[in-house]
Amino acid sequence: MQSADILAPYNSRITKNYVNYLQDVYPDLNIDEILRLSGMTAEEVADTGHWFSQAQVDRFHEVLVSVTGDAHISRYAGRYIASAKARSDVNQYLVGMVTIETVYASMAKLVPMLARGATTTIEKVGPGRLEITSTPKPGVHEKPYQCENRIGTFEALPKPFTSEFAHIEHPECIHNGGKCCKYIVSWNTSTSFKLRLVRNYAALATILTVLVLAYNLTPHSFWMSVSIILGLNFALSMAYMAQKLREQDRLIDAYHQNSDKQIQSANTSYNNALLVQEIGRATAAIIDSDTIMHELAGLMSNRLGFDRGLILLADETGEKLTYRAGYGYSSDDRRRIERMQFNLNNPDSKGIFVKVFKEQAYAILDNIGEISDSFSSKSQSLVTDFDVRSILCVPIVYGNTSLGIIAVDNNRTKAPLKKSDINLLQGIASHIAISINNARSFKELKESENKYRQTLENISEGYFEIDSGYSLVFVNKTFCEFMGYDQKILIGSRFDHHFTDADVPKVQRLLIAISQHEQPIHFASFKITKSDGQPMAVDISASLILDTHGQSIGYRGLIRDATERLRLEEEKKRLENRLLQAQKMEAIGALAGGIAHNFNNWLAGILGNATLIKMEAQRNEKVQQRAEIIEGIIENASLMTQQLLGYARGGKYNVDLIDVNEVVQRTVDTFKTTRKDIAIELHLEPDLPVIEANRSQIEQILWNLYVNGADAMPVGGKIVIQSSAVVLSESSAFDFTVVPGHYVCMSFSDTGDGIAQEHLHDIFEPFFSTKNGKGTGLGLASVYGIVKAHHGYIDVKSELGRGSTFAIYLPSLEARIVASQKSEARLINGNATILIIDDEEDILDTTSRLLNKLGYSVMTASTGQMALEIFKAHHQTVDLVILDMIMPEISGSDLYPQLRQIDPKIKVLLSSGYNRNEQIQKMLNLGCNGFIHKPFSLSQLTAEINSIIKAEP
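Residues numbered from 1 in each chain as written. Predicted model: local features only at pLDDT ≥ 70, side-chain atom pairs only at ≥ 80, totals over all residues. Heavy atoms only, no water.

Draft legend 1. How the structure looks around a nonpolar patch on the surface. Side chains of L204, I207, L208 and L211 sit close together on the surface and give an oily, nonpolar patch of about 410 Å² of accessible area. Structurally, L204 can be placed in helix α12 (residues 191-216). (Patch = residues over 30% accessible without salt bridge, like charges linked within 9 Å, V, L, I, M, F, W, Y side chains within 5 Å. Areas by Shrake-Rupley, 256 points an atom, 1.4 Å probe, with all protein chains shown as cover. Salt bridge = Lys/Arg side-chain N within 4 Å of Asp/Glu carboxyl O. Helix = DSSP H or I, 4+ residues; strand = E, 2+ residues; numbered from the N terminus.)

Right under this line is the structure:
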């Protein structure tokens, strides 16, 4: 049995009966939409040979319950199948039946015409009482609503004969665990039916009586008796016919009345349908809420059967109801209504308008005069002034939000208000709510669109939209400015054709990738071709445009000018290279500084011993001469360590105020004697500000640049040296950041071979050289380190075959150089007590010996801990502490605060093989009294000791 019969067991005539019922009871419902949601069509329902599946009728029932809110609609539709209003094939079939039993007896033939998913049997169980059994076939799973539909049908079948529904008992149901559905049907017998039974039985009794009388009575008596009996039978027949005619008249009257009602209802429905249609057409074509309200008022005046009507809407604040449109009122009345406002915030308001608005439920008052006492004084005045007799008020609600109310009333006619009026007015209110929401949504959409368009027109990026064929359909002002074309020219043009020839295929591949992967692309770099033919670097971000079905219909995106981004990336790359170079220089500097520090310590030990030799060999001139030679060598070696410290950029050594012009002039005079084939041209600005620097290091800069220029001109040339006072700002045209201020500039230009551009960023790196093995690669590295140590800047420009220019910028001072005569170095005797703290044993030994020979009392300590112990024991007698900065375990910078805790008045002379750096300056600022650089001579040491001890606190 698993055939098409079971898969589609329900004939379309069952659904057609539902449709007829909906059209009669729910005329406002959209039948086509209900069928669409149920997976059916109007053509299938109209085809009496079409059958629907269980799933389709189940879905149809779910939709009906949802749209009508009636959970028992199946039973009412079943009752409708035999109503006088129905015009189905089933009803036409029933018309030919003679009796109620005949109608029910025909169910066995009728059911297969409607449903083939169940077997139906009918059995008479008594007078006016039948048992109907419905058993589903295998594979069919009926729902409870189908059982209700059968009950409704069985109830309705006797009604054409009795004008009443049958009584149904349901002792067994498959939905309550039964094997089948059993229905006991009974109905009330009509008076004519009872008279017909009496007549028929009387006729049978008459025949029997006549036969008996024929044998027992005389002919005269027999015929007399027969006449009487026949008269009685005739009287019964006439009574039956009369009753039957009366019942038929009542039935015909009922049909006539129902027909009249149907005609009137049809006219009303037609009129209402026209009104709803016109309202729908008006609200669909108008987007302004005020215009919609006045249009609706006119339609209501023409189509509604009410004398007056008005529409009140809540204001933007939601605090008051105000008049928006109406009809049927005089000009004076309308002006008065327009001035009225109904307060929605008053919790004690008794007005019908406010109540309906807040409760979102209609109110109908047939006789206001009877209940006007319950109104507020304001409402009573309105009822009296406007002669209101009855009123119907329905809310205008969208979703869960009240928007306003519609009120209609009759002041001339006395037609009663009906339920259909409420339904119609509620339908109109729904249209008004939708139209108001649409108008507001359209207004918000326009505002949003305007805001969106203004945003697009004012952003700094170019916005574009293109269709699936890559044609531009929208561009903003910035996009037009990028391209150099007017918007009218760009719209319709191919998006990809605005790029350089090399980038056209790249753009096409980009759009294809977006379409295939359905993922946006961010910051893809291309070049567009502007209207003047010039290329412009841009970044593109793009994504798909999807329609309401999720299908791609084009692309949208942004174009940004990438010029600044590319510049910043190049700047970032350049700065990264400079940072890398600085890190390399820092590493070399650390190495050079460490070497110089240790070397200076060794030189200090050698110098101290050489001085001891001189002091102990005063009578031996040759020994003293040899010692003086050693001292000279040490002095030269010390100058070499200054060059190492230049690489280290560890600080400035013996800082003085220097006249740059004087140093340049002196070194140039010396250099001229070495390379007479090179012409030197000087352009020195007079009255140049001084700089604070170490003279020997500045001279080292000059000599390195002289040698560097001379190496670039092996067959001779010219060097131009310029000096000038300049003011640098943050915006100065350098490829590095400067500290704004006053500077002295020394510029060195040669006419040599020049430097390739790719090597310019490498020339200051240690050991880098372009001299093909002739140079060490340390000269310019030393220059760079010294300049940076003096908080200056170096700028270089060069071109192959045309020479190079090096510009040195050093901070200048507003000061003057005071000429002083250099005093001859001499030893100073003393009797002070000195504590020397140094981790180098040779320095401790030689320094203590030298000072002892000059009369000083010396104590030594090779570690910080030892120094603390000695100073705690003898701080009252110690006049000066000579403190080495670099020591293991406890450094000089950590040891000094601890010494001050012991004696706050301590006097300290700092000593280090490093230049005077920030750490040393910090110690001096904290209270140290002086600094001496290793290696130092005995005369330098005694001069510093004498100066500190004799100085005022």
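Draft legend 2. Structural detail: the side chain of D750. Within the secondary structure, D750 sits in strand β22 (residues 741-750). Within the structure, D750 has its side chain in polar contact with the backbone nitrogen of G752 (distance 2.9 Å). Once residues lying within four places of it in the same chain are set aside, the contact partners of D750 are G709, M713, K718, I719, R802, G803 and S804. (Polar contact = N/O pair within 3.5 Å; in protein donor to acceptor, adjacent residues only side chain to side chain. Contact = heavy atoms within 4.5 Å.)

Draft legend 3. Structural context of the packing of helix α30 (residues 892-902) against helix α31 (residues 918-926). Two elements in contact, α30 and α31, have axes whose closest approach is 11 Å; the angle formed by their N-to-C orientations is 10 degrees. Viewed along their axes, α30 and α31 adopt a mutual orientation that is roughly parallel. Note on element contacts: α31 touches α30 through Q919, M923 and L926, opposite G892, S893, Y896 and R900. Of the residues that constitute the contact of α30 with α31, the class distribution is three nonpolar, three polar and one charged. (Axes fitted to C-alpha atoms, helices over the stretch in contact; angles between N-to-C directions. Parallel < 35°, antiparallel > 145°, perpendicular 65-115°, else oblique. Nonpolar A, V, L, I, M, F, W, Y, C, P; charged D, E, K, R; others polar.)

Draft legend 4. The environment of S12, seen in detail. On the secondary structure map, S12 appears in helix α2 (residues 12-25). A relative accessible area of 0% means that S12 is categorised as buried. Between the C-alpha atom of S12 and that of A115, which follows or precedes it by 103 residues, the distance is 9.4 Å. The residues contacting S12, other than those within four sequence positions of it, are E44, V45, D47, T48, H50 and F52. (Buried < 20%, exposed > 50% of the residue type's maximum accessible area, 1.4 Å probe, protein only.)

Draft legend 5. Seen up close, empty space enclosed by the protein. The tally for this structure, following the rule as stated, stands at four cavities of 30 Å³ or more. Of the volumes computed, that of the largest cavity is approximately 500 Å³. Forming the boundary of the largest cavity are 29 residues, of which I14, L114, A115, N149 and R150 lie nearest the centre. Listing elements by their share of the lining of the largest cavity, those giving two or more residues are β1 (10-11), α2, α5 (54-68), α9 (107-114), β3 (118-126), β4 (129-136) and α10 (144-156). With six residues, α10 is the single largest residue contributor to the lining of the largest cavity. (1 Å grid on protein atoms, 1.4 Å probe; cavity = no way out; pocket = protein on both sides within 12 Å on 5 of 7 lines; lining within 4 Å. Points joined across faces, edges and corners; volume = space filled by probe spheres on them.)

Draft legend 6. Just the sheet that holds strand β9 (residues 341-343), in detail. Taken in spatial order, the six strands make up an open sheet running β9-β8-β7-β12-β11-β10, and their pairing is antiparallel. Across the chains shown, the open sheet's two edge strands, defined by having one partner strand only, are β9 and β10 (363-365). With direction set aside, neighbouring strand axes in the sheet form an average angle of 20 degrees. Relative to strand β11 (residues 390-398), β10 runs antiparallel, the two sharing three bridges. Considered in β11, the bridge of L365 is made with I391. (Pairing = 2+ DSSP bridges.)

Draft legend 7. Representation of the packing of aromatic side chains within the structure. Scanning all chains against the criterion turns up 14 aromatic pairs. Taken together, a centroid distance of 5.8 Å and an interplanar angle of 80 degrees make the contact between W703 and Y706 edge-to-face. Of this pair, W703 and Y706 both sit in helix α26 (residues 695-712), separated by three residues, roughly a single helical turn. The exposure class of W703 is partly exposed, given its relative accessible area of 30%. Among the residues examined, Y706 registers a relative accessible area of 0% and is labelled buried. With a centroid separation of 5.9 Å and 55 degrees between ring planes, the pair formed by Y743 and Y793 is classed as tilted. With Y743 in strand β22 and Y793 in strand β23 (residues 793-799), this residue pair connects regions lying 50 residues apart in the sequence. Like Y743, the residue Y793 is buried in the burial classification. Here the aromatic residues F464, F479, F495, F499 and F526 are joined through ring pairs into a cluster of three or more. When the ring centre of F165 is taken as origin, the NZ or CZ atom of R79, which lies over that ring, is 4.5 Å away. (Phe/Tyr/Trp six-rings, centres within 6.5 Å; stacked < 30°, edge-to-face > 60°. Lys NZ or Arg CZ within 6 Å of the ring centre and 35° of its normal.)

Draft legend 8. Region of interest: the packing of α2 against α5. For the pair α2 and α5, interaxial distance at closest approach is 12 Å and the crossing angle is 10 degrees. Here α5 runs roughly parallel to α2, going by the angle between their axes. Residues T15, Y18 and L22 of α2 form the contact with α5, whose own contacting residues are F60, L64 and T68.

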